Every structure is written in structure tokens, then in C-alpha cells.
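# Reading the structure
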2 protein chains.
Amino acid sequence: MPDATLTQSMLILVEDELRRAVALAGDPGLEPLRAMLAYHMGWEGEGAGPAAQGKRIRPLLVLLTCAAAGGVWEQALPAAAAVELVHNFSLIHDDIEDNSPLRRGRQTVWKRWGIPQAVNAGDAMFTLAHLWLLRLAQSTSAETALAACQILQSTCLHLTQGQYLDLAYEQRRDLQQADYWPMVGGKTAALLAACTGLGALAAGAPEARCQAYRLFGERLGLAFQVQDDLLGIWGSAEMTGKSAESDLAAGKKSLPVLFGLEQKGRFFQRWQQGPISLEQAPAVANLLEQEGAHRFTQAAADRLTAEALQALDEAQPRGEAGQLLRDLANRLLQRQS
Amino acid sequence: MPDATLTQSMLILVEDELRRAVALAGDPGLEPLRAMLAYHMGWEGEGAGPAAQGKRIRPLLVLLTCAAAGGVWEQALPAAAAVELVHNFSLIHDDIEDNSPLRRGRQTVWKRWGIPQAVNAGDAMFTLAHLWLLRLAQSTSAETALAACQILQSTCLHLTQGQYLDLAYEQRRDLQQADYWPMVGGKTAALLAACTGLGALAAGAPEARCQAYRLFGERLGLAFQVQDDLLGIWGSAEMTGKSAESDLAAGKKSLPVLFGLEQKGRFFQRWQQGPISLEQAPAVANLLEQEGAHRFTQAAADRLTAEALQALDEAQPRGEAGQLLRDLANRLLQRQS
């Protein structure tokens, strides 16, 4: 493993950048609005601390890509903060939409301050993301900043489209594998593609290389999600931190489930009969495995992982940052090892 | 009254621009998401039609300002559409936050599709606004587009700050006049200031003139809101379209109410005793008038109106658009006549 000092430096400056962005919300008299956002970011309030902050993988992807593409990573800091703010905006609103009371072991914003203030706090986080991104005009150029805005706003549209599908799928009983990809493409992969795309853009990389980095981010996101789907049904509780088989009990329309439904076999029949309890989940997971869903999903994850790493090779990432970028991808993709 | 053909042309092109922006949400398989937005815009679904669309005052302000400041108003169309989309995004979310089942005589988005889809639809409208604004780079320049993004995003932050205060005030019993201005400054005036500011920017007007137009928009917004507060308590039902005294019964913390509370007189005592029914409202309105709240609020409206019209004079609006801009301001400010 290479020296992690570079990663540490990046994480410190990202956190500083994020704090300064969130501080913009807190004009005199508006301190409680800033405090709500700071709570969600994991800096303040009950349970604050590193575990409440998440891993900041998205900003790291921006900065490592910028450096690996030959840029000065400090210049990409506004973009790194912007993607993390977009990610957190979407978490605040997703928690409302999914009726989730907890995130990272703490009360969600809506649970603590009510739905009205949480909807508005998410909107504030959203606008701070885009406001902060405009600072790229100082660190790079007006054209680069505009191109970055285009990337991030298109990504946000994609996010809302993925979320629309996810919510709409709750009502549907006729879903197929083909329905899976636009949903996770929007919900997970689009923002990771924006991370690598913005990093390469800030580095001033030529279009072909930017494209390779974007493809890397997109496949990385898809591979990660498919891997997550596998763990959600067959992973062990120690590794994932959530109870095994929880995705089946939660009725989540993950890739193995959609594959299983298409087989129209015993799993399909069981699914049609109604909710699966936590106790029944291991037996249903076995059924799903016998019908080939595990093998199929693992193959999809392997294919996407190979495509991600191939795209990264084509982007020819350089130096220490290039190596750290590979390491980060491998760490994300091999969570079962 | 001058020829209204220019206004009509503007309104037709704005509507076309808005439809094309909203269409961006409707990729294959996502048509229902687009349809939700089109419903809210008043184009589709039950009760669709001009009455459901609102007056599009904000885009008109952008385009008239652009023309009056010597610009080619067609070049400002992306900004005109963007402010109307921001306005409508905020309505979708405000309706959730205020628990409002109806808007312009139709079911609100959350009432019709549920809170989760409505939060997400608002997010989609928000991102479409900013995505569409980027088209200014084609009709003007990269620098102008970036400056426009800065104006609109700062305005959105201001909107969420105003909304935070409005929601927070529901819990407070110690409010004063001074609490009123930051709330309506964010909720009403900021977006109107953005309209005139963006119009002047797109025209390439010098900074001093841009500033005069922004001030005009801001004071216009404040004057309009104070006027609305007056009508909400003492207006007649025929003119406002809502039942008179409804603001008192709704417990709305409008300027006359905050003035009245500060007097610590009989109105204050009555307010502390709890909700005011529709039947009690006329008597309480009389009490409020006796304590000077009507006179005070009318004076504030007059002062703000004079400041708005003075700022407009200083901006030296030109030609037919200049006259139409004055007419629009007068129409907005003299709704009681």
C-alpha cells in the first residue's frame, strides 16, 4: 500500500471546504439552519464524529482523478465539496422519501426536526453545492466552471430520475432485470461518474481521457451497487454491518430479486405470497441461490468490475494518485474479501 | 395603456421555453415524472389551463427588464424560464411544508402523488431551472452565464433561509417587526430582485444600472408582500379571491400582526389566548386597526412602493418595454384600487 499521506491531506482540505460551504447558510439569525446541516454532515450534535460523517469517497474520487490526470488537485476542491454536498442533499431527502428514522446510527434530519424543516434543509444543501461549485471559476476558468455546472446539474437530474423510478417500483409487481439499470444508473452510478468526470475536467485532460474517467466512475458505481445487492442477501452481518438477508425482508428490488422473479419458479411464487420475515429470509435466499441468482449477480459484478478497471487503465492514471485511485477502486469492489 | 403585443410575444416564448425545459425530465420510461411537473405547471391533468398556470410575472420581469435596459430580450429567455422554474420548485416544496392540499383550485403535487414523489419532483424542477439557465452561455457569454448562476444560486439560498424562518416562526410567541423583514426578504423579495438583476445582466447593462434594477425588484417584492398582508386582513373577498380576514384566522405572522403584538395592548392579549375563528376575525381586525396596525402597514407599503418606483426611475428604463415595466409594477402595487 502506498503512502496514505496524500489521501489524508485531501480529506483534511475537503472537510475544511465543506465546513466553509455549509457556513454560508448561517447568516445572523439563521444559525439553527446551519446547525441542522452541520448535524447531518456529522460534525455537530449527538453522535457527531468520524463514524457519523461517512467516508467522503466521492470527493476523494474527484481529487485523486484530478491528480492522476495530471492536474493540481487543490484546484478541484470546490468540485470535491460540491459532489459531497449533492450526495448529502440526496440523503436528507431520501431519508424523508424512504421514511428512514436512522442514518449512520443517528436520527435522520426529518426525524429530529420534522418533514417541513428537513425538506427545506435538503434544498439549502442542494443550493450550497451548486453555489460552491462556481468557485471553480477562480481556481480554473469560466469555461471549466460552466462545463462543471453542466455536468453536476445533469447528474442531479439523473439522480431525481433514478429516485423517481425507485419510488415508482414500490408499487409495481411486474419488474424485470431491464428495469434495474436505469434506476441504479441514476441513484448510484451517475454521481460517481460525475466525480471522476469533474476531476478530469478540472485537470484540463483531453476529452478522450475525460470520457475514460467518466466511464470508470460509472462502471465503478454500478459494480459497487451490484456487489452491495449480493451482500444484502448473502453477505454476513459482520462484514456489512447490517443484518444478513435484510434486503429480502425489506422487499428491496435488487438485481438478484429481479433475476429471480424472471425465472417464474419457486422464488417467484414465494415473492407473490407477500412479505418475507427475517426468520424466513435464509430459506428464501437459498431458494434464490438454487435458481441461479447468486451466480448471475456475481457474474454481473465481475463484468462491471472488469469494465471499470479497464476504463481506468485506458485513462492511464499517473503517479501516486493513480495508484491510490486503483487502490480505492479495488477496496470498493472487493468488500467481500 | 401601451400595446400589449410585446408582452404577449414574451409570454408565448416563455411558455415554449418552459415546456422544453420540463421535457428534459421525460426520458423513455420517465414520462410520469415529466407529467407530474407538467401538471404542476398547469399544462396537463385535471383543471389544466391558464388559471392553473399563474401569471408568469417573474419571467415577464426578466424579459421586460432586459429590453428596457437596452438588451435583446430573446437572449434572456433561458433566465426567464429558470426563475419561473425556481418559483415553481419552491411552490411544490412549500405546499408539502405548509401541508396545503390545494393550489390554484387544484390538488397539490404531494396531495395527488404523495410526499415522497412530490419532494423528488420539486428537486427535479429545481435542477431543471439551473440546467436551463446554463443556456445563457449560448445566447450571451460564458462570463454572463456564470454571473447569472451566481445570482440564481444565491437567491435560492436566500429562499431557503426565508423559508426556514417562516417555519421556525410557527413555534415562536415572541416575534417582533424586525423578524418580519429577513423572512419576506428571502421568501418574496429575493426572487423578484433576481428577476430584474438577471434581465439587466443579460442586457449587458453597466453595474450601477444593474444595481438600480435589482433594488427595484427587491422593493417591488417587499411592497407587494406588505400590500398582500394588508389585503389578507382588511381586503374584501371579491378582490383577493380568498375570504377576508383569513390571515388572522390562519394565525399568519404578517406585518400588521407583528406590529400589533409589539403594542402589548388588547390585540396582544387576544392573540395570546389562542386561535381566532373566522367569525371572530372581523372584530379582531377592528381591534388591530384601532391600535394603528392598518395605518402603520399602509405607510410601510407606501414607502416601499415609492422606493421601488424611485429605483426604477434611476434605472432609466427605455422604450415600450420600459413603459410596460412601469405598468407591471403599478398593477402589482395597486391591487386595492
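Structure first, text after, so check above.
This structure is a prediction, so every number in the text was calculated from the model and none was measured. (Residues numbered from 1 in each chain as written. Chains lettered and ligands numbered in written order. Predicted model: local features only at pLDDT ≥ 70, side-chain atom pairs only at ≥ 80, totals over all residues. Heavy atoms only, no water.)

### Brief notes about the overall build of chain A
Operational definition: Here a helix means four or more residues in a row that DSSP labels H or I, a strand means two or more in a row labelled E, and each is numbered from the N terminus. Note that the radius of gyration is over C-alpha atoms, with the globule rule given as 2.2 Å times the number of residues to the power 0.38. Each residue's exposure class comes from its accessible area (1.4 Å probe, protein chains only) as a fraction of the maximum for that residue type: buried when under 20%, exposed when over 50%, partly exposed otherwise.
Within chain A, the secondary structure is distributed over 18 helices and 2 strands. Relative to a compact globule of 337 residues, whose C-alpha radius of gyration would be 20 Å, chain A shows 20 Å and is just as compact. The C-alpha extent of chain A, read off along each of the three principal axes, is 60 × 50 × 35 Å. Within chain A, the proportion of its 337 residues that are buried is 58%.

### Remarks on the side chain of N120 of chain A
We apply this condition: By the convention used here, residues are in contact when the closest approach between their heavy atoms is within 4.5 Å.
By the element assignment, N120 of chain A lies in helix α7 (residues 115–133). Not counting residues within four places of it along the chain, the set of residues in contact with N120 of chain A comprises E97, T160, Q163, Y164 and L167 of chain B.

### Section: the interface of chain A and chain B
The criterion, for reference: Here the buried area means the combined drop in accessible surface, using a 1.4 Å probe, for two parts upon being joined, counting both sides. By convention in these notes, a salt bridge is any Lys or Arg side-chain nitrogen within 4 Å of a carboxyl oxygen on Asp or Glu. For this analysis, a polar contact is any N or O atom pair within 3.5 Å, provided that within protein one partner can donate a hydrogen and the other can accept it, and provided that sequence-adjacent residues contribute only side-chain to side-chain pairs. Residues are grouped as follows: Ala, Val, Leu, Ile, Met, Phe, Trp, Tyr, Cys and Pro are nonpolar; Asp, Glu, Lys and Arg are charged; all remaining types, including Gly, are polar.
Tallying the contact residues gives 44 residues for chain A and 44 residues for chain B. Across the interface of chain A and chain B, roughly 3,600 Å² is buried in total on both sides, 69% from carbon and sulfur atoms. One can count 0 salt bridges joining chain A with chain B. For the pair chain A and chain B, the interface holds 10 residue pairs in polar contact (both at pLDDT 80 or more). Elements with a contribution of two residues or more to the side of chain A that touches chain B: α2 (31–40), α5 (77–97), α7 and α9 (142–169) of chain A. Ranked by the residues each element gives to the side of chain A that touches chain B, the list is headed by α9 of chain A, at 17 residues. Residues of the side of chain A that touches chain B, tallied by class, amount to 27 nonpolar, 13 polar and 4 charged.

### Some details on the relation of the copies chain A and chain B
Stated formally: All copies are superposed by least squares; the fitting set is the C-alpha atoms of residues with a pLDDT of at least 70 in both.
The transform that puts chain A on chain B rotates by 180° and translates by 0.0 Å along the axis, for an RMSD of 0.0 Å. The operation mapping one copy onto its partner corresponds to a two-fold rotation axis. Comparing interface residues between copies, 100% of those in chain A also sit at the interface in chain B, which points to an isologous, same-surface contact.

### Regarding the nonpolar core
We apply this condition: In this text, buried Ala, Val, Leu, Ile, Met, Phe, Trp, Tyr and Cys residues form a nonpolar core when linked through side-chain atoms within 4.5 Å.
Ranked by internal contacts, the top residues of the largest apolar core, which has 239 residues, are F216 and L248 of chain A together with F216 and L248 of chain B. Once residues within four sequence positions are removed from consideration, L248 of chain B is found in contact with I233, V257, F267, W271, I276, A281, V284, A285 and L288 of chain B.

### Structural notes on the packing of aromatic side chains
Think of a pair of aromatic rings as described by two things: how far the centres are apart, and how the planes are tilted against each other in angle. The line we're drawing: Paired rings are identified among Phe, Tyr and Trp, the last through its six-membered ring, by centres lying within 6.5 Å, and are further divided according to the angle between planes into stacked (under 30 degrees), edge-to-face (over 60) and tilted (the rest). For a Lys NZ or an Arg CZ to count as sitting over a ring, it must be within 6 Å of the ring centre and within 35 degrees of the ring normal.
Enumeration over the complete set of coordinates arrives at 11 aromatic pairs over all chains. A connected cluster of aromatic rings, assembled from ring pairs, spans F89 and F126 of chain A together with F89 and F126 of chain B. Its end group placed over the ring of Y39 of chain B, R112 of chain B keeps NZ or CZ at 4.9 Å from the ring centre.

### Section: the pattern of salt bridges
Evaluation of the coordinates by the stated rule reveals 36 salt bridges over all chains. One salt bridge connects E84 of chain A with R56 of chain A, and the closest N-O pair in it is separated by 3.1 Å. In this pair, E84 of chain A sits in helix α5 while R56 of chain A sits in the loop between α3 (50–53) and α4 (57–68), placing the two residues 28 residues apart along the sequence. In this structure E84 of chain A comes out as buried when scored by relative accessible area, which is 2%. A salt bridge links E307 of chain B to R219 of chain B, with the shortest nitrogen-to-oxygen separation between them at 2.4 Å. Residue E307 of chain B is located in helix α17 (residues 293–315), and its partner R219 of chain B is located in helix α11 (residues 207–234); the two are separated by 88 residues in the primary sequence. Residue classification places E307 of chain B among the partly exposed residues on the basis of a relative accessible area of 24%. What emerges from the salt-bridge pattern is a single network uniting E218, R219, R303 and E307 of chain A.

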